[in-house]
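# Per-entry structural report
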Amino acid sequence: MYIMGTLLRHGSEAQKARYLPRIASGELRLQAFSVTEAEAGSDTTSIATTARRDGDGYVVDGHKNWTSRIAQSDLLLLLARTAERDERARSAGLSLFLVDLREVRAESIEVTQVRTMFNYATNEVRYRGLRIPAAALIGEEGEGFRYLLDGLNPERILLGAEALGMGRAAIRHAARYAKERIVFDRPIGQNQGIAFPLADSVARLDAAELIVRNAAWRYDRGLPCGREANVAKYLAAEAGFTAADRAMQTLGGMGYATEYHVERYFREARILRLAPVSQEMVLNYVAQHVLDLPRSY
Ligand SMILES: Cc1cc2nc3c(=O)[nH]c(=O)nc-3n(C[C@H](O)[C@H](O)[C@H](O)COP(=O)(O)OP(=O)(O)OC[C@H]3O[C@@H](n4cnc5c(N)ncnc54)[C@H](O)[C@@H]3O)c2cc1C
């Protein structure tokens, strides 16, 4: 759903009229976002996938290494280069497209599933002469990176909330287990070595939730929220993963047993320290934009 903000804020009236009601009714799915490339990594402005103007449309060629849910989506948001990279204006020359996957030639998109350490539908995607209509362009050509940034804040807020949910679920399982599991003739939760980390995680999750809610509140009101959204994702990812890790410890060996679900929360919470933006890139953002320190990269 977080991809929707880009369409809502920058899509044309025709695009919104065509897609939004059917997305809202559940008839159409927009849940794939094709940005990251192997060579560029966190340096999004150096992506190499191109969209070349050709007659009444564009032709896309390139390779994305992580595009999640493309097989479960009817529409795709795609970032591609429409002009050569300019070192003086690194974010210029990138454009965003809303691709209707039902209308493209199947041979022009090669999707290879990437197996990951958790249950997640993600893929490597090769675009080979993918022809899309000019009407697929979102907003103005060359302004895609700016639109993308607008969509990244709600994504960070939403995934911060996801991290909190996983952390809370893990703690709930752990507390239940700690009450029931008897070792040395007493529930393990009676040991402060078990109880305190869980209680500390409740406090950390509560604190991170306030930050996430504040970021969401600002975003909903159209207020600047880059700082808040980044900090929310950072703190929630730490609180969520730490909670899942502590839940694993509480369950002892059973933490590894799939029937208790905690191993799943542990694996799934871990990704939020890396994606959609890594913790290091959040700290880079805060250092540069909040502390006004020189850009390090
Ligand atoms: C399961 C999964 C699903 C994904 N789904 C999607 C998707 O649907 N669409 C999409 O576009 N992308 C997707 N991604 C990509 C994800 O957003 C990137 O993996 C993430 O942004 C990090 O980029 P990278 O993997 O290229 O890491 P790299 O850029 O190679 O960085 C590697 C490490 O170096 C650190 N680093 C790099 N530069 C600096 C610096 N200047 N200062 C400090 N540290 C630095 C990073 O923080 C990181 O820890 C997905 C990734 C995964 C794992």
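Before reading further, recall that the structure is shown in the block above.
Now for a quick tour of the structure. These numbers come from a predicted model, not from an experiment.

Time to look at the environment of S25. Among the secondary structure elements, S25 is positioned in the loop between helix 2 (13–24) and strand 1 (30–34). Of the polar contacts made by the side chain of S25, one reaches the backbone nitrogen of E27; its length is 3.4 Å.

Let's shift gears to the packing of helix 3 (residues 144–180) against helix 4 (residues 192–220). A packed helix pair is summarised by two numbers, namely the angle formed by the two axes and the spacing between the axes. Orientation of helix 3 relative to helix 4, taken along the N-to-C sense of each, is 155°, at an axis distance of 9 Å. In terms of orientation, helix 3 lies roughly antiparallel with respect to helix 4. The way helix 3 lies across helix 4 gives a crossing that is left-handed. Listed contacts from helix 4 to D150, P154, I157, G160, A161, L164, G167, R168, I171, A174, A175 and A178 of helix 3 are I194, L198, S201, V202, L205, D206, A208, E209, V212, A215, A216 and Y219.

This next bit is on the site of the ligand. Taken together, 19 residues lie near the ligand, and F33, T36, S42, S68 and S278 sit nearest. In this structure, T36 approaches the ligand through a side-chain N or O atom, which is 2.6 Å from a nitrogen atom. A distance of 3.1 Å is found between a nitrogen atom of the ligand and a side-chain nitrogen or oxygen belonging to N284. Isolated, the ligand exposes 970 Å² of accessible area, and the fraction of that covered by the protein chains is 67%. The set of elements that each furnish at least two residues to the shell around the ligand consists of strand 3 (57–68) and helix 7 (279–290). Looking at the shell around the ligand, its residues break down into 10 nonpolar, eight polar and one charged.

Parameters and conventions
Residues numbered from 1 in each chain as written. Predicted model: local features only at pLDDT ≥ 70, side-chain atom pairs only at ≥ 80, totals over all residues. Heavy atoms only, no water. Helix = DSSP H or I, 4+ residues; strand = E, 2+ residues; numbered from the N terminus. Polar contact = N/O pair within 3.5 Å; in protein donor to acceptor, adjacent residues only side chain to side chain. Axes fitted to C-alpha atoms, helices over the stretch in contact; angles between N-to-C directions. Parallel < 35°, antiparallel > 145°, perpendicular 65-115°, else oblique. Left-handed = near helix turned anticlockwise from the far one by under 90°. Contact = heavy atoms within 4.5 Å. Near = heavy atom within 4 Å. Areas by Shrake-Rupley, 256 points an atom, 1.4 Å probe, with all protein chains shown as cover. Nonpolar A, V, L, I, M, F, W, Y, C, P; charged D, E, K, R; others polar.

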